[in-house]
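The residues making up each chain are set out below.
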Amino acid sequence: MLEGKMIYVAAVTIGVAAVGYFGWKVTARGAYESAEYAVIELEGLFEIRAYPDLMLATTDMQFDSQGSDGSFMRLFNYISGRNDRKQKVAMTTPVFMEAGDEENRGRMGFVIPKKVSGQRIPEPTSNDVKLFSRDGGRFAVIRFAGRINKETVARNEALLRQWMSDKGLTGTGNAELAGYDPPWTPGPLRRNEILIRLK
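Residues numbered from 1 in each chain as written. Predicted model: local features only at pLDDT ≥ 70, side-chain atom pairs only at ≥ 80, totals over all residues. Heavy atoms only, no water.

Helices and strands together make up the secondary structure of the protein chain, namely four helices and 11 strands. The buried share of the protein chain, reckoned over its 199 residues, is 38%. A separation of at least 24 residues holds for 71% of the contacts in the protein chain among residues at least 6 apart in sequence. On the protein chain, roughly 11400 Å² of surface is accessible, and the fraction owed to carbon and sulfur atoms is 57%. (Helix = DSSP H or I, 4+ residues; strand = E, 2+ residues; numbered from the N terminus. Buried < 20%, exposed > 50% of the residue type's maximum accessible area, 1.4 Å probe, protein only. Contact = heavy atoms within 4.5 Å. Areas by Shrake-Rupley, 256 points an atom, 1.4 Å probe, with all protein chains shown as cover.)

In structure tokens, the structure reads:
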């Protein structure tokens with residue numbers, strides 16, 4: 001009797017967890033348009049991808065801020081209608097982030113949806129938001145879960161650069177980060193990526 005109850009409780013728990021997980025997938029990451037790319041090569045967590053040119057709305061950010069420095073809200077306000085057309089622009093994935101250096105701050109960017117980028121893109125009314133054309137090309141990529149911070153980025157970038165070295169691939173410029181999930185997503189369920197442009 002007790003064993004039957006335990007099996008029932010376990011089955012219900014697994015069922016609720018599965019429904020919650022797939023419900024989260026539909027309402028979070030899966031609900032947004034994602035930047036297109038073609039996978040040229042896939043090897044475990046590593047990929048070589050080809051991206052087309054993309055238009056981004058960008059703003060300055062502090063590297064480890066996760067948007068808490070106001071960068072996320074500046075971009076969110078832009079897509080919510082704070083632009084010269086007062087036009088709402090759909091949220092997309094991923095959010096691209098570039099680390100800065102001693103002279104320059106980093107940058108966060110939202111990808112402009114395909115439908116909007118094919119027309120006249122609304123101009124930001126805030127001086128803190130700029131439109132930026134991200135050139136297409138080939139990128140080496142590693143995917144990882146967890147929170148984006150200096151430790152996780154350094155560890156995964158080192159793994160990616162070692163993989164590139166083993167493959168005889170040469171990168172150009174700084175690594176770029178991509179986050180696919182809203183801030184409330186639990187760390188183990190998050191999809192993060194590091195991208196390095198290839199020569």
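After presenting the structure, the write-up continues.
For Asn 83, the location among the structural elements is in the loop between helix H2 (71–79) and strand S5 (92–93). Judged by relative accessible area, which is 3%, Asn 83 ranks as buried. If near-sequence neighbours (up to four positions away) are discounted, Asn 83 is found in contact with Tyr 78, Pro 122, Glu 123, Pro 124 and Thr 125.

Among the six residues that make up strand S3 (residues 46–51), five are buried, leaving the element largely enclosed by the rest of the structure. Sheet topology note: the strand S2 (residues 38–43)/S3 ladder contains five bridges and is antiparallel. The residue bridging Ala 38 from the neighbouring strand is Ala 50, located in S3. Linking S2 back to S3 in an antiparallel pair, the connection comprises two residues, with Gly 44 at a positive phi of about 65 degrees. (Pairing = 2+ DSSP bridges.)

Reading across from one edge, S2-S3-S9-S11-S10-S6-S7-S4-S8 is the order of the nine strands in this open sheet, with antiparallel pairing throughout. In this open sheet, the two strands that pair with only one neighbour each are S2 and strand S8 (130–134). Here the average twist between neighbouring strands, direction ignored, is 30 degrees. The pairing of strand S6 (residues 95–98) with strand S7 (residues 106–111) spans four bridges and is antiparallel. Residue pairing across strands places Met 97 opposite Met 108, the latter belonging to S7. The strands touched by H2 within the sheet are strand S4 (54–61), S7 and S8, with S4 carrying the most contacts at an inclination of about 140 degrees. (Axes fitted to C-alpha atoms, helices over the stretch in contact; angles between N-to-C directions.)

With that settled, consider the packing of aromatic side chains. The way to describe two aromatic rings as a pair is by their centre distance and the angle between their planes. Evaluated as defined, the whole model comprises five aromatic pairs. Look at Phe 72 and Phe 76: their rings are 6.4 Å apart centre to centre, the planes differ by 10 degrees, and that puts the pair in the stacked class. Taken together, the residues Phe 72 and Phe 76, both in helix H2 and four residues apart, mark about one turn of the helix. Residue classification places Phe 72 among the partly exposed residues on the basis of a relative accessible area of 25%. According to the relative accessible area criterion, Phe 76 is partly exposed, its value standing at 35%. Their ring planes at 65 degrees and their centres at 5.3 Å tell us that Phe 72 and Phe 110 sit as a pair that is edge-to-face. Highlighted residues: Phe 72 in helix H2 and Phe 110 in strand S7, separated in sequence by 38 residues. A relative accessible area of 2% means that Phe 110 is categorised as buried. Members of the aromatic cluster, joined through ring pairs, are Tyr 37, Tyr 51 and Phe 139. Sitting over the face of the ring of Tyr 51, Arg 134 holds its NZ or CZ atom 4.9 Å from the ring centroid. A cation over a ring is seen here: Arg 191 above Tyr 180, with NZ or CZ 3.8 Å from the ring centre. (Phe/Tyr/Trp six-rings, centres within 6.5 Å; stacked < 30°, edge-to-face > 60°. Lys NZ or Arg CZ within 6 Å of the ring centre and 35° of its normal.)

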